[in-house]
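Topology and contacts: notes
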Amino acid sequence: MTPLLSVRHLRKSYGALAVTDDVSLDVAPGELHAIIGPNGAGKTTLIHQLSGAARSDGGEIRLAGENITRLGMVARVRRGLARSFQITSLLDGFSVLDNVALAVQARSGSSFRFLRPVAGDRRLNGEAMAALDRVGLADRAGRRAGSLSHGEKRQLELAVALATGARLLLLDEPLAGTGPEESARLVGLLRDLKATHTLVLIEHDMAAVFALADRMSVLVYGRVIASGPPDAVRADPAVRAAYLGEEAA
Ligand SMILES: Nc1ncnc2c1ncn2[C@@H]1O[C@H](COP(=O)(O)OP(=O)(O)OP(=O)(O)O)[C@@H](O)[C@H]1O
């Protein structure tokens, strides 16, 4: 089967520091692929390279067989690859519904010049409500985004990413800063998303990662030292020595 995402020999340096170094990995359609590794291993940089936010110095990224290495972020979103945006990009003063409707509008190619009509657009609002329903926020649609709890904001980010029409979602630490209850809710939500979407997940919460991942890649000093199903990665001596240690015991 053609991988939905195929990465070959991807590289990125900041000055003399090789932050990602010869990274190769495949993500099959419908797979949740976790990228784990110690702080500073290059995980976020890799997500930036995949989303188009950072230009790669070398290597190749293919989405459903198409070489997207030189495409910008908007072109990648149009092809179905979206990064779940950080909370800072939510529009706090807008309603929860409008935040998602704007993402639907952007996908439809409409201009951002007319922000106000979004509020009354039935089709946009219908699609936005469907995305909110999917993440369990339908009852918060009319609230100001800024009034949501931290966990709800993370759910809203997911709804915004879904509303772009993405088939491949890049998620950078969706559980960061959440309490146990919020975290459990988000893990349930990610499990549900697996039924319809392909996911690349960076996450430090190892219990969540091992519960969710179909396959995972371990990044250490910018290099993939192991890639495979969770059990094989957990048992890999190189991974235990370099990263998981007693955490996986
Ligand atoms: N724009 C930049 N300019 C210079 N150095 C950078 C830049 N972005 C990242 N780095 C460096 O690249 C290295 C990898 O950073 P990155 O954020 O990708 O790691 P990470 O694995 O996501 O870490 P964490 O788990 O702590 O989030 C770090 O040493 C960081 O300081």
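Residues numbered from 1 in each chain as written. Predicted model: local features only at pLDDT ≥ 70, side-chain atom pairs only at ≥ 80, totals over all residues. Heavy atoms only, no water.

Observations concerning the sheet that holds strand S8 (residues 198-202)
The sheet built from 6 strands is open, its strands ordered S6-S7-S8-S3-S9-S10 with mixed pairing. Whereas interior strands pair on both sides, the edge strands pair on one side only; in this sheet they are strand S6 (81-83) and strand S10 (223-228). Each neighbouring strand pair of the sheet contributes to a mean axis angle of 15°, computed without reference to strand direction. Examined bridge by bridge, strand S9 (residues 215-220) and S10 share 5 bridges and lie antiparallel to one another. Its bridge partner being in S10, Leu219 is matched across the sheet by Val224. Sheet strands touched by helix H1 (residues 43-51): strand S3 (32-36), S6, strand S7 (168-172), S8 and S9. Its angle to S6, the strand with the most contacts, is close to 140°. Relative to S10, helix H9 (residues 237-244) is tilted by about 125°, and along the sheet it contacts S3, S9 and S10. (Pairing = 2+ DSSP bridges. Helix = DSSP H or I, 4+ residues; strand = E, 2+ residues; numbered from the N terminus. Axes fitted to C-alpha atoms, helices over the stretch in contact; angles between N-to-C directions. Contact = heavy atoms within 4.5 Å.)

Observations regarding the sheet that holds strand S4 (residues 58-63)
Strand order in the open sheet formed by 4 strands is S2-S1-S4-S5, and the pairing between neighbours is antiparallel. Sheet topology places strand S2 (17-27) and strand S5 (66-67) at the edges, where each strand pairs with a single neighbour. In the sheet, strand S1 (residues 5-14) pairs with S4 via 5 bridges, with the strands oriented antiparallel. Along S4, the bridge assignment pairs Ser6 with Arg62. Of the strands in this sheet, S1, S2 and S4 touch H1, which is tilted by about 120° from S1.

Observations regarding the pairing of S1
For S1 and S2, the ladder comprises 7 bridges, and the chain directions are antiparallel. Bridge pairing in S2 links Ser6 to Asp26. Hairpin connection, S1 to S2: the antiparallel pair is bridged by 2 residues, and Gly15 has positive phi, about 60°.

What to know about unusual backbone geometry
At Asp22, a residue that is not glycine, the phi angle is positive and equals roughly 65°. Within the secondary structure, Asp22 sits in strand S2.

Structural notes on H9
Among the residues of H9, those classed as buried are Val239, Tyr243 and Leu244. For H9, the angular spread of the buried residues around the axis is 60°, confining them to a single face. Of the residues in H9, the exposed ones pointing more than 90 degrees away from the buried face are Pro237 and Ala241. Buried-residue contacts for H9 involve S3, helix H7 (206-212), S9, S10 and helix H8 (230-235). (Buried < 20%, exposed > 50% of the residue type's maximum accessible area, 1.4 Å probe, protein only. Arc of directions from axis to C-beta.)

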